[in-house]
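Spelled out from the first residue to the last, the chains are:
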Amino acid sequence: MIIQPRSLLLDIWRATLKCSLVDGEWTNTGRDGGGSISDAEQLVCLLYPAYKIPGLGIHRPDSTVPDVRDALEAFGDPVAVAKAVTTLIAGYLRRYTAPDGTPVFPAGGSLRPADAGERVTERQSALETVEAFSIAVTLSLSGLAFVKGFARHVRGPALTATLYELEEALSGRLTYAMRGLLDSFAVDVFPEDSPQGDTVYHTINQRRQQRTVLFDRLRRDLQPTRAGLREFRRLPRHVDSSLADESRLFQCGWSWGPVRTGDADRDRTAAATADPVPSPYFTAVAMDGIVDLLADQTLSLGLISAEQQSDAAALGTCWRLTQNYWTALARYGTGQWPLKDMPWRTGVGEESDYSTLQVASVVVHSLMRYRGMGDIVLGDDLTPLVDVLEELAERGGITRRLVAGSRARELHEPGAAVPLPGSERYGPAAVWPAADYAPMLLKRMLQVAGLAQDLRQRDRLLTAADSLVEHLWQRRLNRGPASGLWDAPGLVYAPHTTKSPREPSWYMTERVMEVLVVAATTVNAAPARSDSLYEEAIEMLREAEHLLAQELMLRPAPEPEPRQQLGRIEQDLRRAREVVDTRPGVALARAAEALRLLDELAVARSDATGRG
């Protein structure tokens, strides 16, 4: 796949600045309704690539590389850039901090009424959501990385004091966001014969098993997860007692916001509004933020304090247990994965290809975690997941032409309407519009391609990813200051009748930016080792080293030229030994070249011996 994430990210920076700087002031020109989420997404488009990708940093003005300097020239020179970014972060924190100093996370215009004839109330617009907490984690971490880095290169007392204040404020916002995610973690315990039990049964029953047989096996599969949840001391008391009854089933993950438990000691005032029903969408959103929190980079840069370690560890526990739960359901049994039986059925009884993608996202998170721990052998187990991602691209009208009457376009515009059970406490039932199907699918394809050892699996994913890249690039706005940003799906599905909007969607632009960061980090990471390639390289090295030893024994000492060549061969084989564990292809190439040269020497010696 031909994709140049660095240059594309710089293009996003240029377009973001062009449409966001109005008369020298930073302005949210997006059409997402504003609010803490949209404003954070807009700012993250600048901060996150600099945080995650080496060489794109803007916190050391004297080390800013030329292409970054050119992309940000609207801010001025590198020093002006760093000072301007400092001002932007300060402005955001002022807007979303209450008079008493408490960070606030209003949903703003992001919520939509489930009934088009209703209107979201002011109280509902102020609700806190997992979407706001997750993007706040990302913003806080990338902001802290910038502020801490810039502070090391500042001498003036006024700017130094400002950076210290921003560090404190960002750290406080991070703490609040982490606790918001913990408050939004939900465990739903239910009987076998409940509607939730029926949904689980019909979702995972791929072999027409009896209900009792299927649930008995599922209980065994989920026993470690149940035990882990019971040991997790931050759950409400009534949930722990319900989990103790092993005749009951359960599900876990993230609801859309802080969960109402009925426990006055746990519920944070009126913020606890959501019903304790895990949502595949918000579970995947929460996990994307937690990944940044638990990354080695976060620890190495010292972005979380000793006091925050406890909350981070608790979120890590939720993250792992949720992965184990959904992966067990998605891969249940010995036959076809239930995940392949599309569309996935959610806990509120809805069916959606979007939910299939979100559950697949959780499985991808699980595989990446195990790979990072070195505890998983990746091979044929990826084939079902590759099948699922390919089919989602087809069902989403990306790699297959939409037929008349198909509702696939609705996945992109207006997007899936994710229910928010509990939101009706403060107005009409509300939904969350989720329109990031294409960038989220591309992100998961790139992540799985980075795990794949089988070349055919990788090629299949990258072929589909090519189509997704083309699809997304056709959806860029083509007029106005935001030209080059997202999103105009009508340009793909109705190109002759649709005009591109003039205002960007920061929700979609930030999602595409994440895809490019994943692409860049995948390119920078070491490739997954192929066991078959490794074995072949080891065997070839053995043969080459043996033949080298023979040549060294048979060659007379006074022959300087052959001895020099043998010395170079020995160096090549030493290098092959050094890299064979991590880069078996390189080792194989060096061993093959060594064998070729050794054979030439052997032939020359044989000819010389024959003439003598």
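Residues numbered from 1 in each chain as written. Predicted model: local features only at pLDDT ≥ 70, side-chain atom pairs only at ≥ 80, totals over all residues. Heavy atoms only, no water.

Trainee: Please give an account of the overall build of the chain that cites residues and values.
Mentor: On a plain count of helices and strands, the chain comes out with 22 helices and nine strands. The globule rule puts the C-alpha radius of gyration for 612 residues at 25 Å, and the 28 Å found for the chain is close to it. Projected onto the principal axes, the alpha-carbon positions of the chain cover approximately 100 × 70 × 55 Å. Across the 612 residues that make up the chain, the buried fraction comes to 53%. For the chain, the proportion of contacts with a sequence separation of at least 24, taken over those separated by at least 6, is 72%. Surface summary for the chain: the accessible area is close to 27,000 Å², and the carbon and sulfur share equals 50%. Where the 69 positive side-chain charges of the chain centre and where its 80 negative ones centre are 1 Å apart. (Helix = DSSP H or I, 4+ residues; strand = E, 2+ residues; numbered from the N terminus. Rg over C-alpha atoms; globule rule 2.2 N^0.38 Å. Buried < 20%, exposed > 50% of the residue type's maximum accessible area, 1.4 Å probe, protein only. Contact = heavy atoms within 4.5 Å. Areas by Shrake-Rupley, 256 points an atom, 1.4 Å probe, with all protein chains shown as cover. Lys, Arg positive; Asp, Glu negative; His and termini not counted. Charge placed at Lys NZ, Arg CZ, Asp CG, Glu CD.)

Trainee: How would you summarise empty space enclosed by the protein if you had to cite specific residues and measurements?
Mentor: Any empty space left between the atoms is revealed when a probe the size of a water molecule rolls over them. Considering all chains together, one arrives at five cavities of 30 Å³ or more under this definition. Here the second largest cavity defines a volume of roughly 60 Å³. Forming the walls of the second largest cavity are Ile58, Thr64, Val68, Arg69, Leu72, Glu73, Gly76, Pro78 and Val81. When its residues are assigned to classes, the lining of the second largest cavity shows five nonpolar, two polar and two charged. (1 Å grid on protein atoms, 1.4 Å probe; cavity = no way out; pocket = protein on both sides within 12 Å on 5 of 7 lines; lining within 4 Å. Points joined across faces, edges and corners; volume = space filled by probe spheres on them. Nonpolar A, V, L, I, M, F, W, Y, C, P; charged D, E, K, R; others polar.)

Trainee: An account of unusual backbone geometry is requested, with residue identities and associated values reported.
Mentor: Backbone torsion omega between Met342 and Pro343 reads -5°, so that peptide bond is classified as cis. Mapped onto the elements, Pro343 comes out in the loop between α13 (309-330) and β6 (344-345).

Trainee: Now, about helix α11 (residues 280-294): what can you tell me, with residues and values included?
Mentor: The terminal C-alpha atoms of α11, which comprises 15 residues, lie 21 Å apart, in line with the 21 Å expected from a rise of 1.5 Å per residue. Counting buried residues in α11 gives 13 out of 15 residues, a clear majority hidden from the surface. (Expected span 1.5 Å × (residues − 1).)

Trainee: Which residues make up the packing of helix α2 (residues 36-52) against helix α6 (residues 130-151), and what values do they have?
Mentor: How two helices sit against one another is set out by the angle between their axes and by the gap between those axes. It is the contact of α2 with α6, at a shortest axis distance of 9 Å, that shows an interaxial angle of 40°. Classified by the angle their axes make, α2 and α6 are oblique. In the packing of α2 onto α6, the handedness of the crossing is left-handed. Where α2 abuts α6, its residues Ser36, Ile37, Ala40, Glu41, Leu43, Val44, Leu47, Tyr48 and Tyr51 lie against Glu131, Ala132, Ile135, Thr138, Leu139, Leu141, Ser142, Gly143, Ala145 and Phe146. Each residue belonging to the contact of α2 with α6 can be placed in one class, and the counts come to 13 nonpolar, four polar and two charged. (Axes fitted to C-alpha atoms, helices over the stretch in contact; angles between N-to-C directions. Parallel < 35°, antiparallel > 145°, perpendicular 65-115°, else oblique. Left-handed = near helix turned anticlockwise from the far one by under 90°.)

Trainee: I'd like a rundown of the side chain of Arg444, residues and numbers included.
Mentor: Examined against the element boundaries, Arg444 turns out to sit in helix α16 (residues 437-451). Within the structure, Arg444 has its side chain in polar contact with the side chain of Asp288 (distance 3.2 Å). Apart from residues lying up to four places away in sequence, Arg444 is in contact with Asp288, Leu357, Ser361, Val364, His365 and Leu389. (Polar contact = N/O pair within 3.5 Å; in protein donor to acceptor, adjacent residues only side chain to side chain.)

Trainee: Please give an account of the packing of aromatic side chains that cites residues and values.
Mentor: Using the criterion set out here, one finds 16 aromatic pairs in the structure. An angle of 85° between the planes, with centres 4.9 Å apart, marks the rings of Tyr281 and Phe282 as edge-to-face. No difference in accessibility class separates Tyr281 from Phe282, as the two residues are buried. One Lys or Arg, Arg369, reaches over the ring of Trp319 and ends 6.0 Å from the middle of that ring. (Phe/Tyr/Trp six-rings, centres within 6.5 Å; stacked < 30°, edge-to-face > 60°. Lys NZ or Arg CZ within 6 Å of the ring centre and 35° of its normal.)

Trainee: Tell me about the packing of α2 against helix α4 (residues 78-95), and please be specific about residues and values.
Mentor: Direction vectors running N to C along α2 and α4 enclose 165°, while the axes themselves pass 11 Å from each other. Comparing their axes, α4 and α2 come out roughly antiparallel. Here the hand of the crossing between α2 and α4 comes out left-handed. Residues Ser36, Asp39, Ala40, Leu43, Leu46 and Leu47 of α2 pack against Val85, Leu88, Ile89, Tyr92 and Arg95 of α4. A per-class count over the contact of α2 with α4 returns eight nonpolar, one polar and two charged.

Trainee: How would you sum up the nonpolar core? Please name residues and give values.
Mentor: Grouped together as the largest cluster of nonpolar side chains are 171 residues, with contacts concentrated most on Trp13, Ile89, Trp254, Leu385 and Leu441. With 13 residues, α6 is the single largest residue contributor to this core. The contacts of Leu441, once residues within four sequence positions are left out, are Leu357, Leu389, Leu392, Ala393, Ile398 and Leu468. The next biggest cluster of nonpolar side chains, apart from the first, holds 21 residues, and it includes Ile538, Ala587, Leu588 and Leu595. (Core = buried A, V, L, I, M, F, W, Y, C linked by side-chain atoms within 4.5 Å.)

Trainee: Lay out the sheet that holds strand β8 (residues 416-419) with the relevant residues and their values.
Mentor: Spatially, three strands are ordered β3-β9-β8 in an open sheet, and the strand pairing comes out antiparallel. Every interior strand has two partners, whereas the edge strands, β3 (112-113) and β8, have only one. (Pairing = 2+ DSSP bridges.)

Trainee: Give me the lowdown on the pattern of salt bridges, citing residues and values where you can.
Mentor: According to the stated counting rule, one finds 37 salt bridges in the structure shown. Of the charged contacts in the structure, one is a salt bridge between Glu413 and Arg409, with a shortest N-O distance of 3.0 Å. The exposure class assigned to Arg409 is partly exposed, which follows from its relative accessible area of 28%. One network of salt bridges, with partners in common, ties together Glu41, Glu131, Asp436, Glu510 and Arg511. (Salt bridge = Lys/Arg side-chain N within 4 Å of Asp/Glu carboxyl O.)

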